[in-house]
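Below are the chains, spelled out letter by letter.
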Amino acid sequence: MKKLLNASLAAVMASTLATAQADEVKIGMITTLSGGGSHLGVDVRDGFMLAMEQAGRDDIEVLVQDDARKPDVAKSLANEFIQREDVDILTGIIWSNLAMAVVPSAVRQGPFYISPNAGPSDLAGRLCHNKYFNVAWQNNNLHEAMGAYMKQADVKKPFILAPNYPAGTDALDGFKSRFQGELANEVYTQLGQTDYAAELAQIRASDADSVFFFLPGGMGIAFMKQYAGAGIDLPVYGPAFSFDEIILGAVGDAAVGVKNTSQWAYDLDNPTNNAFVASFREKYGRTPTLYASQGFDTANLILSALDVAHPDDEEAFQAALEAANFESTRGDFRFGPNHHPIQDIYVREVVDQGNGPTNQLVGVAVEDLQDSFVDQCSL
Amino acid sequence: MTLTLLIEQVLNGIQLGTMLFLMASGLTLVFGVMGLINLAHGSFYMTGAFVTAWVTGLTGSFWVGLLGGVLAAAAVGAVVEWTVIRRLYHRDHLDQVLATFALILIFSEGTRWIFGSSPLWLNVPDSLSGSVTLPGGVEYPLYRLAIIVMGVAIAIGLYLLISRTRLGMRIRAGENDREMIGALGVDISTLYTLVFALGAALAGLAGSTIGALQSVQVGMGEPVLILAFVVIVIGGIGSIKGALIGAVLVGVVDTLGRVLLPGLFKLFMAPSDASGVGAALASMLIYVLMAGILAFKPNGLFAAHD
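Residues numbered from 1 in each chain as written. Chains lettered and ligands numbered in written order. Predicted model: local features only at pLDDT ≥ 70, side-chain atom pairs only at ≥ 80, totals over all residues.

Going by an unreviewed UniProt entry, chain B carries the name Branched-chain amino acid ABC transporter permease and comes from Saccharospirillum salsuginis. According to the UniProt record, the Subcellular location (unreviewed entry) comment for chain B is "Cell inner membrane". Per its UniProt entry, chain B bears the Sequence similarities (unreviewed entry) comment "Belongs to the binding-protein-dependent transport system permease family. LivHM subfamily." (UniProt positions renumbered as here; feature names shortened; annotations may be inferred.)

As recorded in an unreviewed UniProt entry, chain A goes by ABC transporter substrate-binding protein and comes from Saccharospirillum salsuginis. Its UniProt record gives chain A a comment under Sequence similarities (unreviewed entry), which states: "Belongs to the leucine-binding protein family."

Next comes the structure, spelled out in structure tokens:
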């Protein structure tokens, strides 16, 4: 008898559990937590989880997996999330080549994809999709903004360089599209190159009045350190990717004085951002990077849409995402028709106020910047 | 292209070459003496850099850090030889590649586990920062100049060690006939451990000095390892002299290719296309050089076992 009671009790519990699961929302996060550049993925995850924790909802399950920056791993994780876990929303990918491997097929299979970082031009234009949203930026945005800023700042002849791979050529094209002036030289370096002696000698020998570079990760660290040692005193400009708080820690004083463009700064003064920076520092014991703010904003966008509709109700959920009715750490935030942000891009300067170099907000580079691929999107 | 710029770029090439020589000499010694292909050589480079960054952070002195990095790389090399590598001498090269590749993964994950995945901070010491003006008006970073001087000193030291000392004689004998030298009563296993640790120490020295110039991060050794393999293939496997010539050749060709090729293509192409094509071709140049040399000298320039 007792056994029977237990069994029926278990059955009842199982059925209530099953109904609870039907309303539950599953979010699959594929991000880079190991290997080169893993601090980007770690910060996106930590920012995302911080927002989830602050929301305190127990009907949302977040599954996190490491793609190790490998497209094939990301692809198989996405298949696992979609087919086995039946997730409603995918997010987390850092690198554009991984996003291109995963996103186009993933959104066709059902889940929404909300990008906290990678914004390749194809996904903003030709391959845009009603279930794909980018909360961060289109890849070219920060370079375009720096081109515009340097033109305003009356820079005459910059020396520009980037690695010879798609994001590198996009970066210099984006820069040139807004700068439209004379260049001292345009140099493509090898991807993964760590010795820049040859390029630095060219910079010194040129008649450039400034340097713009896009060298993400370890390449940027090596370049900045060698730049400081080469005795060149031209002003340096670049996108925020080479000057996040983690990289500044490795570059040291060599980065002081560099101006960089970012859609966010930790000293951007609005209540949401102040609260975010304070709570992030308290929980993780470090200053958040722009990637952490993107993870935080991504989670809050998802939460705001979940308040309106369940992802199973696709049209309502998509409309709720498009409305972007959440408090962004960037202040004003809205989506363009291709589901990419239209936002202000700021200029920051690296300063040292006694406890290591850090970024300080200087001003706005471009207001309401929209990506240049929106016309190619059919949405 | 002015003459001073050309001189500076040649110096840059030689500096890259001396760093490659430090890596390649250990690799080629280990292969020449023990017949072992060691893919984990880049891990000693990384170990040297990380320990240097860590000790420098603790003590505030780059020189103490450098010493610590070199000693740590040598110690790790000796331990690895003693625990893993010595079981591989009699296996074929495929087993060696597999086992030492596993070591790369273990070292990378282990380093991440201990030091975290963010790059560490390590800077050029104050006494060697800034640049000096060389005769002829070439302004050159002092630290890079110091690397060249150190590389030359080490090349001379290695030459003396191998040609003039008892240890060097045994190393040469080991290259020629390892059974015979064992039969003559030389403690072959201690000799192997010593040679392996020496190679690891040189790799650690390269990692420590270059770490101050570049970034100290997990996986920093593998790109250098690939270049070092190119160097020993060009120079002739097992030959220290070949490693030296090959390293300087690769360093100078790589550097000058990166500088001159885009300029060459700009003569008849649009500037943005020219820099792309030039950069792409420049990154292939050392492999073209390797293929060219192997076509005429299949064993490399100074093969030890001709």
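Novice: Give a detailed account of the overall build of chain A, specifying residues and quantitative values.
Specialist: The helix and strand tally for chain A stands at 13 helices and 13 strands. The C-alpha atoms of chain A give 22 Å as radius of gyration, which agrees with the globular expectation for 379 residues (21 Å, within 12%). The dimensions of chain A, computed from C-alpha atoms along their principal axes, are 90 × 45 × 40 Å. Summarising the internal contacts of chain A: among those between residues at least 6 apart in sequence, 72% fall at separations of at least 24. (Helix = DSSP H or I, 4+ residues; strand = E, 2+ residues; numbered from the N terminus. Rg over C-alpha atoms; globule rule 2.2 N^0.38 Å. Contact = placed C-beta atoms within 7 Å.)

Novice: Got a sec to walk through the UniProt feature "transmembrane region" (unreviewed entry) in chain B? Specific residues and values, please.
Specialist: All names here are of chain B. Following the UniProt record, one finds the feature "transmembrane region" (unreviewed entry) at residues 20–40, 60–85, 97–122, 142–162, 183–206, 226–253 and 274–296. As annotated, residues 142–162 has a helix share of 100% and a strand share of 0%, and its two end C-alpha atoms lie 30 Å apart. Taken as a whole, residues 274–296 contains 100% helix and 0% strand, while its terminal C-alpha atoms sit 31 Å from one another.

Novice: Help me get a handle on the domain arrangement of chain A, residues and values and all.
Specialist: By a widely used convention, the size of an interface equals the accessible area lost when the partners come together. All names here are of chain A. Looking at chain A, the domain boundaries give domain 1 (21–139 + 269–343) and domain 2 (141–267 + 345–375). When each unit is reduced to the centre of its C-alpha atoms, the spacing between domain 1 and domain 2 is 26 Å. Counting residues at the interface gives 26 residues for domain 1 and 22 residues for domain 2. Element by element, the count of residues in the side of domain 1 that touches domain 2 is highest for helix α12 (residues 290–306), at three residues. Of the residues that constitute the side of domain 1 that touches domain 2, the class distribution is eight nonpolar, 16 polar and two charged. (Domains from an automatic or database assignment. Nonpolar A, V, L, I, M, F, W, Y, C, P; charged D, E, K, R; others polar.)

Novice: Can you explain the interface of chain A and chain B? Please cite residues and give values.
Specialist: Opposite the 32 residues of chain A that make contact, chain B presents 39 residues. Elements that contribute at least two residues to the side of chain A that touches chain B include exactly α2 (38–55), β7 (185–189), α8 (197–205), α9 (218–229) and α10 (245–251) of chain A. Of all the elements, α9 of chain A adds the most residues to the side of chain A that touches chain B, at six residues. When its residues are assigned to classes, the side of chain A that touches chain B shows 11 nonpolar, 18 polar and three charged.

Novice: Before we move on, could you go through the pairing of strand β2 (residues 138–141) of chain B and cite the residues and values that matter?
Specialist: All names here are of chain B. Here strand β1 (residues 131–134) runs beside β2; their pairing, made up of four bridges, is antiparallel. Paired with Leu134 across the strands is Val138, a residue of β2. In sequence, β1 turns back onto β2 through a hairpin of three residues, with Gly136 there showing a positive phi of about 100°. (Pairing = 2+ DSSP bridges.)

Novice: So what's going on with unusual backbone geometry? Which residues, and what values?
Specialist: All names here are of chain A. At Asp154, a position not held by glycine, the phi torsion is positive, near 65°. Within the secondary structure layout, Asp154 lies in the loop between α6 (141–152) and β6 (158–163). Asp154 sits in the exposed class, given 8 other C-beta atoms within 10 Å. Phi angles above zero are rare outside glycine, and Gln180 is one such case at about 55°. The residue Gln180 is located in the loop between α7 (166–179) and β7 in this model. Residue classification places Gln180 among the exposed positions, given that 10 C-beta atoms sit within 10 Å. (Buried ≥ 20, exposed ≤ 12 C-beta atoms within 10 Å, placed from the backbone.)

Novice: Give a detailed account of the nonpolar core, specifying residues and quantitative values.
Specialist: By size, the foremost hydrophobic cluster in this structure holds 204 residues, and its most contacted members are Val102 of chain A together with Leu20, Met23, Ala24, Ala228 and Val231 of chain B. Of the residues that make up this core, three or more belong to each of domain 1 (21–139 + 269–343) and domain 2 (141–267 + 345–375) of chain A. Residues within four places of Ala24 of chain B in sequence aside, it is in contact with Ala228, Val231, Ile232, Ala243, Gly246 and Ala247 of chain B. (Core = buried A, V, L, I, M, F, W, Y, C linked by C-beta atoms within 7 Å.)

Novice: Please set out the sheet that holds strand β5 (residues 132–134) of chain A residue by residue, giving values where relevant.
Specialist: Residues and elements named next belong to chain A. Strands sit in the order β2-β1-β3-β4-β5 across an open sheet of five strands; the sheet is parallel. Both outer strands of the open sheet, β2 (60–66) and β5, are each paired with one neighbouring strand and no more. Each strand axis lies, on average, 20° off the axis of its neighbour in the sheet, ignoring direction. Both strand β4 (residues 112–115) and β5 contribute to a ladder of three bridges, which runs parallel. (Axes fitted to C-alpha atoms, helices over the stretch in contact; angles between N-to-C directions.)

Novice: Tell me about the environment of Arg286 of chain A, residues and numbers included.
Specialist: Relative to the helices and strands, Arg286 of chain A resides in the loop between α11 (271–284) and α12. The spacing of Arg286 of chain A and Ile246 of chain A is 40 residues in sequence and 9.4 Å in space, taken between C-alpha atoms.

Novice: Describe helix α3 (residues 71–84) of chain A, and please don't skip the residues or the numbers.
Specialist: Residues and elements named next belong to chain A. In a regular helix each residue adds 1.5 Å, so 14 residues correspond to 20 Å; α3 covers 20 Å between its end C-alpha atoms and thus fits that length. Of the positions making up α3, those classed as buried are Ala74, Leu77, Ala78 and Phe81. Each buried residue of α3 sits inside an arc of 105° when the element is viewed along its axis, so together they form one side. Opposite the buried face of α3, at more than 90 degrees from it, the exposed residues are Asp72, Gln83 and Arg84. (Expected span 1.5 Å × (residues − 1). Arc of directions from axis to C-beta.)

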